[in-house]
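Results of the structural survey
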Amino acid sequence: MPLSTDQIRNIAIAGHGSTGKTTLLEHMLFQSGVISKPETIESGKTVSDYGEDEIARKISVRATLTHCIYNGKKLNFIDTPGSSDFVGEVILAFRACESALLLIDAKSGVQIETIKLWRNLDAKQKPRMLFITRMDEDRASFDAVLKDVKDKFKVNPVPVTIPMGDGLEYRGVIDVINGKAYMRPSSHDQKEVAAEVPAEYKDAVESARVQLFEAAAEGDDALMEKYLEQGALTQEDMLAGLAKALAEAKIVPAFAGSGVLNSGVAAALEFLSKIAPSPFALAPEEVTDADGNKMLINVDPKLPATAIVIKTQIDQFSGRLSFVKVITGELAPEMDVVNVRDGRKERLSKLYTMQGKKLEEVPSLPAGDIGIIAKSTSLKTNDTVSTYEKPFAYAPLKMPTPVHLLAISAANKKEEDKLNEMLLKAAEEDLTFQVNYNTETKETVIAGMGDLQINMILDKIKNATKIVAETRVPRVAYRETITKKATAEYTHKKQSGGHGQYGRVVFELEPLERGKGYEFENRVFGGAVSKGYMPGIEKGIHQAMEAGVVAGYPVVDTKTAIIDGKEHPVDSSEMAFKLAARGAFREAMRQAAPVLLEPIMNLTVYVEEKYLGDVMSDLSARRGRISGQNPIGGGIVVINAQVPQAELLRYAIDLRSMTSGTGSFEVEFSHYAPITGKIADDVIKAAQAFRTTEAEEE
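Examining the overall build of the chain
Secondary structure assignment for the chain yields 16 helices and 37 strands. If you line up the chain on its principal axes, its C-alpha atoms span 110 × 60 × 55 Å. Within the chain, buried positions represent 54% of all 698 residues. Residue pairs in contact within the chain that sit at least 24 positions apart in sequence constitute 72% of those at least 6 positions apart. Summed over its atoms, the accessible surface of the chain is roughly 30,800 Å², and 49% of this surface lies on carbon and sulfur atoms. If the 84 positive side-chain charges of the chain are averaged to one point and the 98 negative ones to another, these points end up 4 Å apart.

Structure below.
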C-alpha cells in the first residue's frame, strides 16, 4: 500500500570524511530488517558504496539513495561523500531532504567539513541532528564533542541518547525519550535489544530528560507556558514539542553510538521515524512561471503533479536514471508529463525507488517522496517535470564553481571524439564537473572541485573504454591592448590582370578604459572613402584584433578611428579595404606601446586559523593582493584576495597540501591587468613555442 506524504521522512547523511556515514547507514538498514547481514567497508559489499571506484578506494564518491520502513514510516536516506571534491552530491542531498544527520567523530570533534556542512545547512535553514560516532574508541568523549559543537556553532545540542561510558569503557547507549538502555551488541551483526536503564545512570537520564523538556518547550509557546507552570511535560507533549522545534531548526538533537558496533542505531531510528520532519516541513520551493514571475510552492499532495530532477545517473545496465523529488501531486506510470525546460512531452514508464544499486519498482511516487524515472531521453538534472497546463519551473540546484582546471586530450588522437563523449556524460552526472572547448587556446578544458574528483572520473573512463587521457596545465587566455595614441596608414594594392585590388586607410588608435572592449569611429571627410566600404573596414579591424602584435592574443580596449583614405574607381572593393584595415590596425598598434594583459581573479579562501600565516604568505608569493580576512566562526577564517589566474592553475592541489586537506576556495573572474618585464617575456616565448608546435602539427 503506497505511503502518504506525512508518512515519509527524507534524511541526508553527511559528515567529514571517514566519520563512518556508510557504516552507520549499513547498520540502520540491518536494524530495520532491510538486509539480513551488515557488511563492512573493507568487504566492498555495503549497500550504499557499490561503485567499482568506491570499492577500490573505500570512500563514497556519489550520493546514494536507500530506504527502510520503520514504525510505519518510510525513511529515505541519501548517503553522501565526505570529501569536498564531491560537494555537489551533498548539495543535491540537502535540497531533496527535509533534515540532515551529521556524523561527528567522538575523538576528533568538529572538523573542517563539519563546519562547511553546517554553514550550508544554515544557508538553507535546514534542520540537523548529530550522531557522535566511534564512542568505543580510545579518547572518545561525548561531552567534549557537544562542548566543541557549542563553542564553534553557538548552539546547545540536546542529547537524545547518552552513552554508558566513553572510549574503552563504552557499554552502549540510553534512549532518554523512551527510558530504555541498549547495551552494545556482542557483534556488529547482532541487533540491539532494549533493556532496563542501569541504576547508576538514573540521575544522568533525569538530567538529560530535563534538557529535552526545555528543548520541546522551545518549539511552542503554549508548551513553554505549561512547562514553566508544571515543571514537566507529558510524553506526548514532549514528542510534539521536539518535532515542532526540530522542524523549525530551533534545536539540534544529538545521539551517541558506534556504527561499526551497531550501537546507538535503534534509538536513532526511533527518533527519526517519530520526530524527524516530514516533507510538509520543507521550506517553500521558489518557482518561475512562463512569464518570468516568481512565486513559492509548498509540498502539497492535492495539487497537480510536479517534481524536480535532483540527479542524473547513467548506469551501464539500467540506462539513464533521473532521480526526482516530488513536490506536488503524485507521479504514476503511464502519466503524461511535460519537461518544462524545453516543453517536450513524454509518457512516464515505470517508476522506482532504490536500495543502493538495486532498483525497486513502485506503483507511484507521492508528494514528498524521492524516486527514479527510468530511461527518459529528455530529462536532465535541474529539469522540472509537470502536469500543469501552464507549468512553472523549480529553481535549479546552486552548485559551486569548479576550481581545478586541466587541459585534456587523448593519447591516441583517433580516440579524441570518444573521450569527449565520455567526458560529457560524466559532466551530465556531476554538475560540479565541466567540459569546455576553448577556441582561443584551442584546448579542451575540464574543470572540477579537485584532483581526486577528476582522477576518479578519468580512471572510470579508462576502465570502461581503455582510453588513456593526457592532462596538463591549461593555457591562460591572455589579452593585448595599447597604452598610447598612434596613427598609421596602410595601402593594399595588387594588380594581376583585369580588375586589381586597391584600398588605402589612415587609422588613429587610442586606448579605452579597461573593460570597454572596442569602439569604431568614421572621421573621414569629403568622401575620401565611401560609406559602402565601412563594413569591410570594420571586418578588417575585427580580424586584426583576433591576434595582436605582441604574442598573438586577442586585442581589447581600443578605439579605432578612420581619419583618411583613398579609393580607386575600378580596383577598390570591400575585400581590398578589409585587408587595408587589417594592415593599418596592426601597424598602428605597433606604434601605440602595446602590452600584454593577464586575467585577474577574485579569490576567496576558507582556512583554519592555524594555517592563516602560511596561506597569506603563499598568496603574496603568487603576486596576490589581499584585501581582507574575516573570522566566520568555528575557527575558520575567510581570506579575500585578487590573484593572477596564471598563479592559480594548481592552487587546488597546493592549498590542499598547505592545509592538510582542510582548506577550500572559490574563484571568479575580476578583470584584466597589464604585465611587463620577465613575466611578459615568458608569456611571449610560450606563445611563440605554441604557434610553432601548432604549425608543425598542421
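Notes on the environment of Glu361
With respect to the secondary-structure elements, Glu361 resides in strand E20 (residues 358-362). The spatial distance from the C-alpha of Glu361 to the C-alpha of Leu351 is 5.8 Å, given a sequence separation of 10 residues.

Side note on the pairing of strand E35 (residues 625-633)
Relative to strand E36 (residues 636-644), E35 runs antiparallel, the two being bridged by 7 bridges. Note that in E36 the partner of Gln629 across the bridge is Ile639. As consecutive antiparallel partners, E35 and E36 are separated by 2 residues, and within that stretch Gly634 has a phi angle of approximately 70 degrees, a positive value.

Let's talk about the packing of aromatic side chains
Within a pair of aromatic rings, the relevant descriptors are the distance that separates the centres and the angle that separates the planes. Applying the stated rule across the entire model yields 10 aromatic pairs. Judged by centre distance (5.6 Å) and plane angle (90 degrees), the ring pair of Phe392 and Tyr394 falls under edge-to-face. We classify Phe392 as buried; its relative accessible area is 3%. Look at Tyr478 and Tyr553: their rings are 5.4 Å apart centre to centre, the planes differ by 65 degrees, and that puts the pair in the edge-to-face class.

Brief notes about the pattern of salt bridges
Side-chain pairs of opposite charge can arise where the charged atoms are in close proximity. Under the counting rule described, the total for this entry stands at 42 salt bridges. When the shortest N-O distance is used, the salt bridge between Asp342 and Arg344 registers 3.7 Å. The class of Arg344 is partly exposed, set by a relative accessible area of 43%. Across the pair Arg623 and Glu598 runs a salt bridge, and its minimum N-O distance is 2.7 Å. With Arg623 in the loop between helix H14 (612-621) and E35 and Glu598 in strand E34 (residues 595-608), this residue pair connects regions lying 25 residues apart in the sequence. A residue is classified by how much of its surface remains accessible, and Arg623, at 29% relative accessible area, is partly exposed. What you see here is one network of salt bridges that share partners, running through Asp105, Lys107, Arg134 and Glu137.

Section: unusual backbone geometry
One non-glycine residue, Arg139, lies in the positive phi region at around 70 degrees. Using a relative accessible area of 63% as the deciding quantity, one classes Arg139 as exposed. Even without being glycine, Lys154 reaches a positive phi, approximately 55 degrees. Mapped onto the elements, Lys154 comes out in the loop between helix H5 (142-153) and strand E6 (158-159).

As for helix H10 (residues 416-429)
Look at H10: 20 Å from first C-alpha to last across 14 residues, which is about the 20 Å you get at 1.5 Å a residue. Contacts made by the buried residues of H10 are with strand E25 (404-410), strand E26 (434-438), strand E27 (443-448), helix H11 (451-465) and strand E28 (469-472).

A word on the sheet that holds strand E33 (residues 558-566)
Note: strands within a sheet are paired through backbone hydrogen bonds, in either parallel or antiparallel orientation. Within the open sheet, the 4 strands sit side by side as E30-E31-E33-E32. Their pairing is mixed. Among the strands making up the open sheet, the edge pair consists of strand E30 (486-494) and strand E32 (518-522). When the angles between neighbouring strand axes are averaged without regard to direction, this sheet yields 25 degrees. Bridge count for E32 against E33 is 5 bridges, and the pairing is parallel. For Glu519, the partnering residue across the bridge sits in E33 and is Lys559. Lying over the sheet, helix H12 (residues 534-545) contacts strand E31 (501-511), E32 and E33, oriented at roughly 150 degrees with respect to E32. Across the face of the sheet, helix H13 (residues 574-591) comes into contact with E30, E31 and E33 while running at roughly 35 degrees to E31.

With respect to the environment of Ile8
Here Ile8 lies in strand E1 (residues 8-15). Look at Ile8 and you get buried, because its relative accessible area is 0%. Along the sequence, Ile8 and Pro569 sit 561 residues apart, while their C-alpha atoms lie 83 Å from each other. Sequence-distant contacts of Ile8, that is, excluding residues within four places in its chain, are made with Lys74, Asn76, Pro277, Ser278, Pro279, Pro366, Ala367, Gly368 and Asp369.

Remarks on the packing of H12 against H13
When two helices pack together, their arrangement is given by the angle between the helix axes and by the axis-to-axis distance. For the pair H12 and H13, interaxial distance at closest approach is 7 Å and the crossing angle is 40 degrees. Judged by the angle between their axes, H12 and H13 are oblique. The hand of the H12/H13 crossing is right-handed. Between H12, through Pro535, Gly536, Ile537, Lys539, Gly540, Ile541, Gln543, Ala544 and Met545, and H13, the contact on the second element is made entirely by Glu574, Phe577, Lys578, Ala581, Arg582, Phe585 and Arg586. Of the residues in the contact of H12 with H13, the class split is 8 nonpolar, 3 polar and 5 charged.

Some words on the packing of helix H6 (residues 202-218) against helix H7 (residues 221-230)
With their axes 7 Å apart at the nearest point, H6 and H7 run at an angle of 140 degrees to one another. Viewed along their axes, H6 and H7 adopt a mutual orientation that is oblique. Residues Val210, Phe213, Glu214, Ala216, Ala217 and Glu218 of H6 pack against Leu223, Met224 and Tyr227 of H7. Of the residues that constitute the contact of H6 with H7, the class distribution is 7 nonpolar, no polar and 2 charged.

Describing the nonpolar core
In terms of nonpolar packing, the biggest core is built from 60 residues, with Ile78, Phe94, Leu130, Ile132 and Val149 touching the most fellow members. Apart from the residues lying within four places of it in its own chain, the contact partners of Phe94 are Ala12, Ala14, Ala100, Leu117, Asn120, Leu121, Lys124 and Lys126.

A word on the environment of Glu666
Here Glu666 lies in strand E37 (residues 664-675). In sequence terms Glu666 and Ile446 are 220 residues apart; their C-alpha atoms lie 17 Å from each other. The contacts of Glu666, once residues within four sequence positions are left out, are Val403, Asn602, Leu603, Thr604 and Tyr606.

Concerning the sheet that holds strand E11 (residues 253-256)
Read from one edge of the open sheet, 7 strands run E2-E3-E1-E4-E5-E11-E6, paired in mixed fashion. Edge positions in the open sheet fall to strand E2 (64-70) and E6, since each of these has one partner strand only.

Examining the side chain of Thr23
In this fold, Thr23 is placed in helix H1 (residues 21-31). For Thr23, a relative accessible area of 16% puts it in the buried group. Apart from the residues within four sequence positions on either side, Thr23 is in contact with Ile41, Gly259 and Val260.

Here we look at the side chain of Thr432
Inspection of the secondary structure puts Thr432 in the loop between H10 and E26. In terms of polar contacts, Thr432 uses its side chain to reach the side chain of Gln453, at 3.0 Å.

Rules used throughout
- Residues numbered from 1 in each chain as written.
- Predicted model: local features only at pLDDT ≥ 70, side-chain atom pairs only at ≥ 80, totals over all residues.
- Heavy atoms only, no water.
- Helix = DSSP H or I, 4+ residues; strand = E, 2+ residues; numbered from the N terminus.
- Buried < 20%, exposed > 50% of the residue type's maximum accessible area, 1.4 Å probe, protein only.
- Contact = heavy atoms within 4.5 Å.
- Areas by Shrake-Rupley, 256 points an atom, 1.4 Å probe, with all protein chains shown as cover.
- Lys, Arg positive; Asp, Glu negative; His and termini not counted.
- Charge placed at Lys NZ, Arg CZ, Asp CG, Glu CD.
- Pairing = 2+ DSSP bridges.
- Phe/Tyr/Trp six-rings, centres within 6.5 Å; stacked < 30°, edge-to-face > 60°.
- Salt bridge = Lys/Arg side-chain N within 4 Å of Asp/Glu carboxyl O.
- Expected span 1.5 Å × (residues − 1).
- Axes fitted to C-alpha atoms, helices over the stretch in contact; angles between N-to-C directions.
- Parallel < 35°, antiparallel > 145°, perpendicular 65-115°, else oblique.
- Left-handed = near helix turned anticlockwise from the far one by under 90°.
- Nonpolar A, V, L, I, M, F, W, Y, C, P; charged D, E, K, R; others polar.
- Core = buried A, V, L, I, M, F, W, Y, C linked by side-chain atoms within 4.5 Å.
- Polar contact = N/O pair within 3.5 Å; in protein donor to acceptor, adjacent residues only side chain to side chain.

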